[in-house]
Amino acid sequence: MQKEYTGKPVFTGIAIGKVTIYHKKDSVVKREKVDDVEAEVKRYHDASEEAKKQLAELHDKALKEVGEANAAVFEVHQMMLDDLDYQESVENIIRTQNVNAEFAVATTGDNFSEMFANMDDDYMRGRAADVKDISNRVVGILSGAGAGGFTATEPSILLADDLAPSETVQLDKSLVLSFVTRHGSTNSHTAILARTMNIPALIGVDFSEDDMEGHMGIVDGYEGRFIVDPDDDVLAEYKKKKEKEEEQQRLLQELKGKPNVTKDGHVINVFANIGSVKDVADVLANDAGGIGLFRSEFLYLGCDDYPSEEDQFKAYKTVAENMAGKKVVIRTLDIGADKQVDYFHLDHEDNPAMGFRAIRICLKRPEIFKTQLRALYRASYYGNISIMFPMIISVDEVKKIKEIIAEVKKELDEQNLPYKDCELGIMVETPAAVWMSEELAKEVDFFSIGTNDLTQYTLACDRQNPNLEDFADTHHPAVLREIEYTIRNGHKGGAWVGICGELGADTSLTETFLRMGVDELSVSPSRVLAVRNAIRNTDLSK
Ligand code: PEP
Ligand code: MG
């Protein structure tokens, strides 16, 4: 029987396909008393064997897809499961506390991970996340939830409570037709990912998981509808709508290669936002004139230890080369807040959005910052890289950054490593940066307005909090005035000004931004042609 749910669309489009539920890997584990402890020990060993089998399969798959270096982690995981101290700890907890295997494995995972995290050795510290991972896998098998994650084998509609950025990184994107989540917010990273992938997404959907896995589903990203087991006439209606949508997409494709020019001849740049090297293909396919925001933190989210200078250098160089001389704005690490990475060992914070994040971490831990800057400057030699700094609130911070850059350049000179003098810019995403924009413009070459964070800080609305959707008005006049003020001050100080937050892609505001004098809009690759269309339909002389 047809079931229907409603939600808030964060990206338009129609998806039709099977429903697959994403199971959190670290679900809460209950402590339960057991009578037969030996049976419980056997359950643990069986699950551990099954986990090793899964890891061997994953290793073979990764070997084919991403090469030996990246596949090696699955071998390490298999070895960890065989570790005698680990096994003894699990068995000991089961036998001495008379508890279920799930609880013993989860507790051992937590204990070992904490022990590794506190070690002096960098390599061992990096293993903290691995031991958690293997424990979650075994717990998943014991509790019948499999290894967790997304288990689809064909392109499907993904249902989840919510997805952390690190979880989205690991998804096989070719198997996702749409995201439907219970939580999340318009500017959460799942929503941003949906826009990058050009697929519909709904948040705030109060679905019930019963009898849904594997069933036919429809996501209507225009009306905010999620339909399971649709009636024949509903399915037929949506198939027609989808065909129409595809026709519209084809028309937009005709705008490829055309300039971003208004009817009265005003030209601006339309660039694209990316989170990984792979996204460059979408940038080129959608004919963006450059990359206005490369969220480099996704390089850090994708691994379980600090990415080396060499790994980063390769990634930035590849992007710069693939863009063949077009501008590539790379933002330095914006970790913290909603983007957490275990190996950074950041303290728990009650208010992480206003906490130790982004440039604050880089200025306090310059060794991390310098590694990234060295990689960026070395890569700059191979293309047209600009460097941008997130979460700036003061001129002083920019001055400190420049001192660190001077040190990095001196080192590169001493080592005879070639680099170019990159353009330097800042994200204007705090009200402080807006109100200091006149002074800041004298220090940098460009501003990029991050409306996602600027909206959250201006309206005091946490961008992760789904209960604030009615208050976080993205068109709030306070935010629009800040944008106008920033553009005016940027130009006064000789800096070009772009917008790289999600609002840049809102075509109902394109004319407003053009009238404010914005120089660049950087949007998800899938929005480039729609924004070009809006620019070409605008006449500023009227
Ligand atoms: C922003 O805050 O608008 C922005 C572009 O950065 P992020 O969404 O990565 O915080
Ligand atoms: Mg931001």
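Described in the following lines is the structure provided in the data block. Just so we're clear, the structure is a prediction, and the values are computed from it rather than from any experiment.

### Describing the packing of aromatic side chains
Evaluated as defined, the whole model comprises 13 aromatic pairs. Ring centres of Tyr 306 and Phe 344 lie 4.9 Å apart, and the angle between their planes is 55°; this geometry places the pair in the tilted category. Highlighted residues: Tyr 306 in the loop between α10 (297–301) and α11 (309–322) and Phe 344 in the loop between β11 (327–331) and α12 (359–364), separated in sequence by 38 residues. With a centroid separation of 4.7 Å and an interplanar angle of 50°, the aromatic rings of Trp 435 and Tyr 485 are classed as tilted. On the criterion of sequence distance, the pair formed by Trp 435 in helix α15 (residues 431–435) and Tyr 485 in helix α18 (residues 477–492) is long-range, its members being 50 residues apart. Among the aromatic residues, those joined into a cluster by ring pairs are Tyr 300, Tyr 306, Tyr 343 and Phe 344. If you follow Arg 182 out to its NZ or CZ, it ends over the ring of Phe 207, 4.1 Å from the centre. Between Lys 317 and the ring centre of Tyr 382, over which it is positioned, the NZ or CZ distance is 4.8 Å.

### Quick word on the sheet that holds strand β15 (residues 496–499)
Within the closed barrel, the 8 strands sit side by side as β9-β10-β11-β12-β13-β14-β15-β16. Their pairing is parallel. Shown here is a sheet whose adjacent strand axes are inclined to one another by a mean of 25°, direction ignored. For strand β13 (residues 423–428) and strand β14 (residues 446–449), the ladder comprises 4 bridges, and the chain directions are parallel. Residue pairing for β14: Ile 426 is matched across the bridge by Phe 447. Relative to the sheet, helix α20 (residues 528–536) contacts β9 (269–274) and β16 (520–523), its axis offset from that of β9 by approximately 160°.

### Topic: the sheet that holds strand β2 (residues 8–11)
Spatial ordering of the open sheet is given by β1-β8-β7-β3-β4-β5-β6-β2, a layout of 8 strands whose pairing is mixed. Two strands bound the open sheet, and with one partner strand each, they are β1 (3–6) and β2. With strand direction ignored, the average angle separating the axes of adjacent strands in the sheet is 30°. As paired strands, strand β3 (residues 14–21) and strand β7 (residues 216–220) are joined by 5 bridges and run antiparallel to one another. Across the sheet, residue Ala 15 finds its bridge partner in β7, namely Val 219. Helix-sheet contacts for helix α7 (residues 189–197) involve β2, β5 (176–181) and β6 (201–203), and the interaxial angle to β5 is about 155°. Strands in contact with helix α8 (residues 232–253) are β3, β7 and β8 (225–228); relative to β3, the strand with the most contacts, it is inclined by about 120°.

### Describing the nonpolar core
Formed by 86 residues in total, the largest nonpolar core has its most connected members in Ile 291, Tyr 316, Phe 344, Phe 389, Ile 483 and Phe 513. When near neighbours in sequence (up to four residues on either side) are disregarded, Phe 513 contacts Leu 480, Ile 483, Ile 499, Leu 503, Gly 504, Val 518 and Leu 521. Judged by nonpolar contacts, the second largest core, of 30 residues, contains Val 34, Met 80, Ala 128 and Val 131.

### Quick look at the site of ligand 1
Around ligand 1, 16 residues are found, and the nearest of them are Arg 295, Arg 331, Gly 450, Asn 452 and Arg 463. Here Thr 451 contributes a backbone N or O atom positioned 3.1 Å from an oxygen atom of ligand 1. The contact in question runs from an oxygen atom of ligand 1 to an N or O atom on the backbone of Asn 452, over 2.7 Å. Notes on ligand 1: free accessible area 290 Å², of which the protein chains cover 100%. Mapped by element, the contributors of at least two residues to the shell around ligand 1 are α7, β10 (291–295) and α17 (451–459). At 3 residues, the largest contribution of residues to the shell around ligand 1 is made by α17.

### Things to note about the coordination of the magnesium ion (ligand 2)
For the magnesium ion (ligand 2), the full set of protein donor atoms is Glu 429 (OE) and Asp 453 (OD), at a range of 2.0 to 2.2 Å. Note that Glu 429 is positioned in the loop between β13 and α15 and Asp 453 in helix α17, a separation of 24 residues in sequence. Overall, the relative accessible area of 2% leaves Glu 429 in the buried class.

### A closer look at the pattern of salt bridges
A pair can form between side chains of opposite charge whenever their charged atoms are brought close. Under the criterion given, the structure shown has 39 salt bridges. Among the ionic pairs, Lys 52 bridges to Glu 49, the shortest N-O distance being 3.0 Å. Linking Lys 52 with Glu 49, this pair stays in helix α1 (residues 37–66), spanning 3 residues, or about one helical turn. Exposure remark for Lys 52: the relative accessible area of 15% places this residue in the buried category. Exposure remark for Glu 49: the relative accessible area of 48% places this residue in the partly exposed category. For Asp 82, the salt bridge goes to Lys 52, with nearest N and O atoms at 2.6 Å. A residue pair is termed long-range when its members are at least 10 positions apart, and Asp 82 in the loop between α2 (68–81) and α3 (84–97) and Lys 52 in helix α1 qualify at 30 residues.

Rules behind the numbers
- Counting restarts for each chain: residues are numbered from 1 in the order of the written sequence.
- Chain letters and ligand numbers both follow the written order, the letters beginning at A and the numbers at 1.
- With the structure being a predicted model, the display of local features is reserved for residues of pLDDT at least 70 and the display and counting of side-chain atom pairs for 80 or more, all residues being used for whole-chain, interface and lining totals.
- As a rule here, side-chain values cover all heavy atoms of the structure and leave hydrogens and water aside.
- The criterion for an aromatic pair is that two Phe, Tyr or Trp rings (for Trp, the six-membered ring) have centres within 6.5 Å, with stacked assigned to planes under 30 degrees apart, edge-to-face to planes over 60 apart and tilted to the rest.
- For helices the rule is a DSSP run of H or I covering at least 4 residues; for strands it is a run of E covering at least 2, with both sets numbered from the N terminus onward.
- Consider the ring centre and the ring normal. A charge sits over the ring if Lys NZ or Arg CZ is within 6 Å of that centre and within 35 degrees of that normal.
- The pairing criterion is simple: DSSP has to find at least two bridges between the two strands.
- For helices, the fitted axis covers only the stretch in contact; all axes are lines through C-alpha atoms, and the angles between them, taken along N-to-C directions, range from 0 to 180 degrees.
- By the convention used here, residues are in contact when the closest approach between their heavy atoms is within 4.5 Å.
- Definition of nonpolar core: a set of buried residues of the types Ala, Val, Leu, Ile, Met, Phe, Trp, Tyr and Cys, connected through side-chain atoms within 4.5 Å.
- Relative accessibility under 20% of the residue-type maximum defines a buried residue, over 50% an exposed one, and the middle range a partly exposed one, all with a 1.4 Å probe and only protein chains included.
- A cutoff of 4 Å decides nearness: a residue is near a molecule or strand if any of its heavy atoms lies inside that distance of it.
- Any N or O atom pair separated by 3.5 Å or less is treated as a polar contact, with the protein-specific requirement of one donor-capable and one acceptor-capable atom, and with residues adjacent in sequence counted only for side-chain atom pairs.
- Each accessible area is a Shrake-Rupley estimate made with a 1.4 Å probe; only the visible protein chains count as cover when residues are assessed.
- Listed donors are limited to N, O and S atoms within 2.8 Å of the metal, widened to 3.2 Å for Na, K and Ca; water is not among them, so incomplete-looking sites are possible.
- Here, a salt bridge means any side-chain nitrogen of Lys or Arg that lies within 4 Å of a carboxyl oxygen of Asp or Glu.

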